[in-house]
Amino acid sequence: MTWRAEQVDEVVWSYRMFDELSRGSEQDRLRADADHWWAWEAVNRAVLDGNLPIEVLDEMLHDPDADHAHRVYVAAGPIEDLLSDHPEDYADLIAERCRTDRVWANAVEH
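Bear in mind that the values here come from a model prediction, so they are computed numbers and not experimental data.

Novice: If you had to explain the packing of aromatic side chains to someone new, which residues and values would you point to?
Specialist: Here the structure, examined in full by the defined rule, presents 3 aromatic pairs. Considering the side-chain rings of Y15 and Y73, the 5.8 Å spacing of their centres and the 50° angle between planes classify their relative orientation as tilted. A residue pair is termed long-range when its members are at least 10 positions apart, and Y15 in helix α1 (residues 5-22) and Y73 in helix α4 (residues 68-85) qualify at 58 residues. Where F18 meets W37, the ring centres are 5.6 Å apart and the plane angle is 65°; that geometry is what we call edge-to-face. With F18 in helix α1 and W37 in helix α2 (residues 26-49), the pair connects residues that are 19 residues apart, well separated along the chain.

As structure tokens, then:
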């Protein structure tokens, strides 16, 4: 996937919607799968391949419509997986953000 700015915006929004709807009713969960699974899949594929731009995670964590639960979801999902599977490429980047950005630090500490 190419991570152009407009695509990042779409992924960030749809990834958040997938998470939020997945916490809802059965109808919400079905809608999450039908309408927003693609964003989760795109992020997951990039994480597995080790080519998710750190800027995508910045956008996810700084999404003004995201709640604390979503930020923790991002930390426990793609951030944790990148640290586990690709520490040589992401550990320093993530550590630096946690040192300089309170949103990152709050999300990752959970």
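So, next bit.
Novice: Describe the pattern of salt bridges, naming the residues involved and giving the relevant values.
Specialist: Scanning all chains against the criterion turns up 10 salt bridges. D19 is paired through a salt bridge with R23; the nearest N and O atoms lie 3.1 Å apart. Within this structure, R16, E20, D63 and D65 form a network of salt bridges that share partners.

Novice: Can you explain the environment of G24? Please cite residues and give values.
Specialist: Along the chain, G24 turns up in the loop between α1 and α2. Owing to a relative accessible area of 23%, G24 belongs among the partly exposed residues under this scheme. Spatially, the C-alpha atoms of G24 and A91 are 33 Å apart, while their sequence positions differ by 67 residues.

Novice: Lay out the environment of D9 in plain terms, naming residues and giving numbers.
Specialist: Mapped onto the fold, D9 is located in helix α1. Here D9 falls in the partly exposed class, since its relative accessible area comes to 49%. D9 sits 54 residues away from D63 along the chain, and the two C-alpha atoms are 9.5 Å apart.

What counts and what doesn't
- Residue positions within a chain follow its written sequence, with the count starting from 1.
- For a predicted model such as this one, the threshold for reporting local features is a pLDDT of at least 70, and the threshold for listing and counting side-chain atom pairs is 80 or more; totals across whole chains, interfaces and linings nevertheless cover every residue.
- Computation of side-chain values: all heavy atoms of the structure, hydrogens and water removed.
- Only rings of Phe, Tyr and Trp enter the pairing, Trp through its six-membered ring, and a pair is recorded when the two centres are within 6.5 Å. The plane angle decides the type: under 30 degrees is stacked, over 60 is edge-to-face, the rest tilted.
- Helix numbers and strand numbers start at the N terminus; a helix is a DSSP run of H or I with at least 4 residues, a strand a run of E with at least 2.
- Here, a salt bridge means any side-chain nitrogen of Lys or Arg that lies within 4 Å of a carboxyl oxygen of Asp or Glu.
- Classification of residues uses two cut-offs on accessible area relative to the type maximum, computed with a 1.4 Å probe and protein chains only: under 20% is buried, over 50% is exposed, and between them is partly exposed.

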